[in-house]
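Observations on the three-dimensional arrangement
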Amino acid sequence: MGAHPLWEGYEGLKDYPAATTASSRDAQQVSTKQKTGRFFSWLVNSLKPKEIVEIGGAYGVSGMYWCAGLKANGTGNFTSFEPNEVWGKIAEANIQSVLERGRLVTGPFEENQDKAPSEIDLAFIDAIHTPEFVEPQLNLVLERANPGALIVLDDIEFSKPMLDYWKDLRKDPRFAAAFELTSRVGVLELAKHH
């Protein structure tokens, strides 16, 4: 499908370490890798969450993996948030190709949180990879997260500030457990009493 323009929200980010000088990216540049995606599907199939929320849907590739697990379960809903309208249309079609109960909300999560489920069992935060963006998104997810919910963070080693933030989260008492799935992906388990 080729490269499509980046979301205008990237403009003006201070000290953003990624090569954002390019005005567009293709799915290969922003998608979950197959090995990680297969783990996502397995995780969903094993845990059987009722509600999954994804922040930063991009082209919908990771969403298709989450939805494949829900489809195998025969139950559960998926809601993805993608601020880029062009990417969002592609993501929505990809998600819907796997799961009718999957939906995409166009717009930033922070501005559309009222469209998120009131109880979240699993969340994937994969938007702008800086603590300034991730922390408010994480806090909004935690307001709706069920005890014991899993929160998956992508690009935990994206930059030194992001890695430092991840290290702090691993010690945060709100979480019962934290582990690194890969050098890119971290998983947090919300404590039963948060």
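Further up the page is the structure itself.
Residues numbered from 1 in each chain as written. Predicted model: local features only at pLDDT ≥ 70, side-chain atom pairs only at ≥ 80, totals over all residues. Heavy atoms only, no water.

A closer look at the overall build of the chain
Helices and strands together make up the secondary structure of the chain, namely six helices and nine strands. With 194 residues in all, the chain has 51% of them scored as buried. Here the analysis covers contacts within the chain between residues at least 6 apart in sequence; of these, 70% occur between residues at least 24 apart. Summed over all atoms, the accessible surface of the chain reaches about 9600 Å², with 50% contributed by carbon and sulfur. (Helix = DSSP H or I, 4+ residues; strand = E, 2+ residues; numbered from the N terminus. Buried < 20%, exposed > 50% of the residue type's maximum accessible area, 1.4 Å probe, protein only. Contact = heavy atoms within 4.5 Å. Areas by Shrake-Rupley, 256 points an atom, 1.4 Å probe, with all protein chains shown as cover.)

Concerning the packing of aromatic side chains
For any pair of aromatic rings, the description rests on two quantities: the centre-to-centre distance and the angle between the ring planes. For the structure on display, the rule yields five aromatic pairs. Ring centres of F39 and W42 lie 5.6 Å apart, and the angle between their planes is 35°; this geometry places the pair in the tilted category. Separated by three residues within a single helix, F39 and W42 lie in helix α2 (residues 34–47), roughly one turn from each other. The exposure class of F39 is partly exposed, given its relative accessible area of 22%. For the ring pair W66 and F124, a centre distance of 5.5 Å and an interplane angle of 55° mean the geometry is tilted. With a gap of 58 residues between them, W66 in helix α3 (residues 61–73) and F124 in strand β6 (residues 120–125) connect regions that are remote in the sequence. A residue is classified by how much of its surface remains accessible, and F124, at 1% relative accessible area, is buried. Here a set of aromatic residues connected by ring pairs shows up, and it is made of F40, W66 and F124. (Phe/Tyr/Trp six-rings, centres within 6.5 Å; stacked < 30°, edge-to-face > 60°.)

Structural notes on the nonpolar core
Among the nonpolar cores identified, the biggest contains 26 residues, and I151 and L153 are the most heavily contacted of them. Residue assignment for this core shows that the elements contributing at least two residues are β3 (51–55), β6, α5 (131–144), β7 (145–153), α6 (160–171) and β9 (186–190). Not counting chain neighbours up to four residues away, the residues in contact with L153 comprise I125, V134, W166, L169, R184, V185, G186 and L188. Membership of the second largest hydrophobic core comes to 21 residues, among which are V44, Y65, F78 and I95. (Core = buried A, V, L, I, M, F, W, Y, C linked by side-chain atoms within 4.5 Å.)

Let's talk about α2
The terminal C-alpha atoms of α2, which comprises 14 residues, lie 20 Å apart, in line with the 20 Å expected from a rise of 1.5 Å per residue. Among the residues making up α2, those that are buried are T36, G37, F40, S41, L43 and V44. Looking straight down α2, one finds its buried side chains confined to an arc of 160°; they lie on one side. Summarising the geometry of α2, the exposed residues directed more than 90 degrees from the buried face are Q34, K35, R38 and W42. Buried residues in α2 make contact with β3, α3, β6 and β7. In the segment just after α2, K48 is the residue with positive phi, at about 55°. (Expected span 1.5 Å × (residues − 1). Arc of directions from axis to C-beta.)

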